[in-house]
Amino acid sequence: MHIFLDEDKIDEFAFPTNIKQIGTISDGLKVYVEDYVYSYLYQYANTGGHSEKIGVLVGKYLEVSKDKQKILLISGAIQGKYSKNEGGSVVFTEKTWDYIDLQMEKYFEGLEVVGWLNTQPGYGVFLNPKYSAVHKEKFKKPYQVFFVMDPMEKVNGFYKWNEEIDDFTEISGYFIYYERNDGMHEYMLENRLVKLKSLDEEEEEGEEEERPDPAVYFRKGERERVKKQQEVTQNRYANMLVTLSGILFLICVIMGMGLIQNGDRISKLETDLKTINSSYKTLVAQIKDDNATPVFASQTEQLDTTPKSSTPIAENVVKEEPKVTETPKVTETPKAQEQVKPIEQPKQEVVVPAPVQTPKKTVTQAQAPAQVPAQTQAPKGEVVAQNGTPDYYFVQSGDTLGYISYKFYGTYNMVEKIMEENAITNPDTIFFGKKIKLPK
């Protein structure tokens, strides 16, 4: 029954006063379920065991024009007898609707079908997609609702059809109301699922049959919905983590490839540095070797090794550049120690000036006293110029301070003075083209 109540007719209609709120009541359609109806639905769902059961809800729909309230009063429920299973779901048949029409005329005169129910043991309040097709075909009125119940998990919920999204929308809360309901009581006695007392017996004894607490059903339903929402949220986070992990993996792969390439370059550079270091150490070892001293020693150092009995003739020897006829050869020594053979000095004539008022005489290297060491070869074939040293010198490619000292002073001992004169801190670091002042 669809009732419109104007302001002047509100007082004529008696709204339920003894009610119990289940859940949070939101704006929109407000659902009231009579206590006997709720109890019978609970018993009806339990008789199915693990099988689904269907039925219809009977009552009135009211609209109050004053505050635009929409109220659905459910005061009866009828079993879905003669239904059948199609494609894994229980559906209404023509025989089922004939049975419902007979029960409406007999027990629920003046009321209408305001919704339907489906029990699904073990499935909670999950909505099968097939429910939408049944609702759109058989329950087309906007106020007709769908009630789903799981007697095993003790959860339930009301849903209404939303045309905008073409799907069900949950009704967050509802009311249980208590009043004398003869029609539903008689139907329950006629289609009893458990032995019930008559209303007169209940009033005489002052007690009612124990019924399930709707709040227990609702709380469990809320917990299940919250649990499902948490699962959905966790799945979203899991998907986000998987996506981020994939992105990080790609970044790590790209960085790893770059590091591998850079690693190869670094390894090659380390190998080159090790080779240079090894060559440098070998060169230093050869320079420090005693057998290589004559090649690099200065003339003064050679003269210092002359025995004390030697004559001072070497001080008056005129220095001339020897003619090199052979390239010095370095022979390999046994593996225990590598040695460098001294450079063989070619025979040359050395002019030794005689003492004062003594005629000059020419002597050969073979005729020179044994104490006079052989003349050391000047670096890079340059002529030693002790006299007439210039004030400045421009560094040439391959020059060293030792070479410059020997070139202009005939000895390596001037290296420190050259460094001091030019504020050079590292004797091994001079630059091509640098202007160097030569000390006098």
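Residues numbered from 1 in each chain as written. Predicted model: local features only at pLDDT ≥ 70, side-chain atom pairs only at ≥ 80, totals over all residues. Heavy atoms only, no water.

1. Here's the deal with the nonpolar core
Defined as follows: The term nonpolar core refers to a set of buried residues drawn from Ala, Val, Leu, Ile, Met, Phe, Trp, Tyr and Cys, joined through side-chain atoms within 4.5 Å. Throughout this description, buried means an accessible area under 20% of the type-specific maximum (1.4 Å probe, protein chains only), exposed means over 50%, and partly exposed covers the range between. Contacts are assigned to residue pairs that have any heavy atoms within 4.5 Å of one another.
With 53 residues, the main nonpolar core has Val33, Leu57, Ile74, Ile78, Phe92, Phe158 and Met184 as its most contacted residues. Not counting residues up to four positions away in its chain, the partners in contact with Ile74 are Val31, Tyr32, Val33, Glu34, Val37, Leu57, Val58, Gly59, Val114, Val145, Phe158 and Tyr177. Counting 15 residues, the second largest nonpolar core, distinct from the first, contains Phe408, Tyr409, Val415 and Leu438.

2. Some remarks on the pattern of salt bridges
Here is the rule we go by: A side-chain nitrogen of Lys or Arg and a carboxyl oxygen of Asp or Glu constitute a salt bridge if their distance falls within 4 Å.
With the rule as written, the count across this model stands at eight salt bridges. As a salt-bridge pair, Glu137 and Lys138 come within 3.8 Å of each other at their nearest N and O atoms. The exposure class of Glu137 is exposed, given its relative accessible area of 53%.

3. Considering helix α10 (residues 415–422)
The following threshold applies: Helix and strand assignments come from DSSP, with helices taken as H or I runs of at least 4 residues and strands as E runs of at least 2, each series counted from the N terminus. The reported arc concerns the directions from the helix axis to the C-beta atoms and nothing else.
Three or more residues of α10 are buried, namely Val415, Ile418, Met419 and Asn422. Buried residues of α10, seen end-on, are gathered within an arc of 100° and therefore sit on one face of the element. Turned more than 90 degrees away from the buried face of α10, the exposed residues are Glu416 and Glu420. In this fold, the buried residues of α10 make contact with α9 (401–409) and β16 (435–437).

4. Regarding unusual backbone geometry
Here the phi dihedral of Lys154 falls at roughly 55°; this positive angle occurs in a residue that is not glycine. Of note, Lys154 is situated in the loop between β9 (145–150) and β10 (155–162).

5. Brief notes about helix α1 (residues 35–46)
Where we set the bar: Expected helix span is taken as 1.5 Å per residue step, with the number of steps being one fewer than the number of residues. Pairs of N or O atoms within 3.5 Å make up the polar contacts considered here, provided that, within protein, one atom can donate a hydrogen while the other can accept it, and that residues adjacent in sequence are counted only when both atoms are side-chain atoms.
Compared with the 16 Å implied by 1.5 Å per residue over twelve residues, the 17 Å span of α1 between its first and last C-alpha is a close match. Of all twelve residues making up α1, eleven are buried, and the element is well covered by its neighbours. The complete set of buried residues in α1 reads Asp35, Tyr36, Val37, Tyr38, Ser39, Tyr40, Leu41, Tyr42, Gln43, Tyr44 and Ala45. Where α1 begins, one side-chain oxygen reaches toward the backbone nitrogen of Tyr36, 2.8 Å away; that side chain belongs to Glu34.

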